[in-house]
Amino acid sequence: MATHVPRPSNPRGHPSVPGSTKEERPMSLLHHSLQNAWIIRGTLELMSPLHIGVSERGAMGMDAKVVRWPDGRPVIPGSSLKGVLRSFLETVGQNESLRNLLSPEGPPVCIITENPCGREFRKKEDRDKWRRRQMAIPTNGDPDPDDGSRGSWDNLSEEEKAEIDRELAEAIYRSLCPICRLFGNQLFAGKISIPDLVPEQGHPTEWFDVRDGVGIDRDTRTARNGVKYDFELVNPGVVFPLTVRAMNLEDDEQAWLLLGLEALRNGELFLGGKTSRGLGSVRGIGSWRISRMESRGPEDIVLHYLGRDEEEDYEPWVNQVMGRYMSAGR
Ligand SMILES: [Zn+2]
């Protein structure tokens, strides 16, 4: 559970943020202080061959080689898994009743490539305009200290500038949908991290297979006559340890994250290339664990970074978090 700390009062009586519907969202859940932290540890098993190419653009429409760790082990890049989780949550988040269930307040879930949230802050000039509005000076920048305003930016003390920047960061944060708050966007770093996944043990013959591919013409999307090439796959059955770290999650972000991880664990998500042909099927195996730190003071934070948080079973925690959103008896 996120700890809800009252929002600090506004010492200079600035007007509230235009368009804001989340005045009560505590600032502390930005990155300024550590309120809570999760580490989820689990295991993924490949159910079908996996191909994650070394880059997006290969000569034949896909790269022949798969991503490898320096020592030769196959890799599922954490960024690639994050991308899959994100796009799953963006898609299901378009369902309005689901969004109303998990995140009844704040902006709707955006599709980052189409209608990214926080657009009103994207350009520097927009952020500057916002700062001027906070200072209640005319947008033509004409400083007029007699009108009770603070005058131009240059007249502000360092503390006043820092205060306005802090308020801007807060306004940006409130303009973000829960998926952007989790995964980040151009304006915000996001709250979760997933290190690259590499199998613990094995041998190249267990890890990799090579298949014949047919060259696909990039322009016509048709098979090029007679063009054949080999491409590498990671074998089904290869097992990857997974670690997901999250910081300062709000209640709704916890629910969205667990929804995505459960879809992954239950085999709903596909990784890498050629997923329409069944490649990249993956599911969670074994019992997953979670350690949760709820900061009640500096000692909790120290213990967390010493790795002394108590671990618990992940599944009962999922049931507890998601149970908040389920009607009784489900
Ligand atoms: Zn968004």
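Look up: the structure comes first, before these words.
Throughout this document, residue positions are counted from 1 along each chain, in the order its sequence is written. Given that this is a predicted model, residues contribute local features only at a pLDDT of at least 70 and side-chain atom pairs are listed and counted only at 80 or more, while totals for whole chains, interfaces and linings are drawn from all residues.

Asks: How would you summarise the environment of alanine 246 if you had to cite specific residues and measurements?
Replies: Only DSSP runs of H or I reaching four residues or more are called helices, and only runs of E reaching two or more are called strands; each is numbered from the N terminus. Take alanine 246: it is sitting in strand β5 (residues 239-247). Considering only alpha carbons, one finds alanine 246 and asparagine 36, 210 residues apart in sequence, at a separation of 8.3 Å. Once C-beta atoms are placed from the backbone, any two residues with those atoms within 7 Å are in contact. Setting aside residues no more than four positions away along its own chain, alanine 246 makes contact with Ala37, Trp38, Lys191, Ile192 and Leu257.

Asks: Account for the nonpolar core, naming residues and giving values.
Replies: The term nonpolar core means buried Ala, Val, Leu, Ile, Met, Phe, Trp, Tyr and Cys residues held together as one set by C-beta atoms within 7 Å. Put simply, a residue is buried when 20 or more other C-beta atoms lie within 10 Å of its own C-beta and exposed when 12 or fewer do; between those, it is partly exposed, and each C-beta is set from the backbone. Core analysis: the largest hydrophobic core is formed by 56 residues, its most contacted members being Ile179, Cys180, Trp256, Leu257 and Leu271. No other element matches the seven residues that helix α7 (residues 251-265) contributes to this core. Other than its neighbours up to four places away in sequence, cysteine 180 contacts Cys110, Ile112, Cys117, Gly118, Asn185 and Phe188.

Asks: Mind laying out unusual backbone geometry, listing which residues take part and the relevant values?
Replies: The phi angle at asparagine 248 is positive, at roughly 55°, despite the residue not being glycine. Turning to its location among the elements, asparagine 248 is positioned in the loop between β5 and α7. Note on asparagine 248: 22 C-beta atoms within 10 Å, which makes it buried. Backbone geometry at lysine 274 places phi at a positive 55°, although glycine is not the residue there. As for its placement among the helices and strands, lysine 274 is situated in the loop between α7 and β6 (282-294).

Asks: Could you give me a rundown of the pairing of strand β1 (residues 36-46), with the residues and numbers involved?
Replies: At least two bridges found by DSSP between two strands are what make those strands a pair. Alignment of β1 against β6, held across 10 bridges, turns out to be antiparallel. Bridge pairing links asparagine 36 to glutamate 294 in β6. Where β1 and β5 come together, nine bridges link them in antiparallel fashion. Bridging across to β5, isoleucine 39 finds its partner in arginine 245.

Asks: I'd love a proper account of the sheet that holds β1, names of residues and values included.
Replies: The strand order across the open sheet built from five strands is β2-β5-β1-β6-β7, with neighbouring strands paired in antiparallel fashion. Bordering the open sheet on either side are β2 (192-193) and β7 (311-313), each of which pairs with just one other strand. Lines fitted to the C-alpha atoms define the axes, with helices restricted to the stretch that makes contact. Angles between their N-to-C directions range from 0 to 180 degrees. α7 contacts β1, β2, β5 and β6 of the sheet and is inclined by roughly 155° relative to β6.

Asks: Describe helix α8 (residues 298-305), and please don't skip the residues or the numbers.
Replies: Two residues of an α-helix separated by three or four positions point the same way, owing to the 3.6 residues in each turn. Little of α8 is tucked away: zero of the eight residues are buried. Note on α8: the residue one or two positions beyond its end, glycine 307, has a positive phi of about 75°.

Asks: Please set out the environment of asparagine 95 residue by residue, giving values where relevant.
Replies: Counting through the fold element by element, asparagine 95 comes out in the loop between α1 (78-92) and α2 (96-102). You can call asparagine 95 exposed: it has 11 C-beta atoms within 10 Å.

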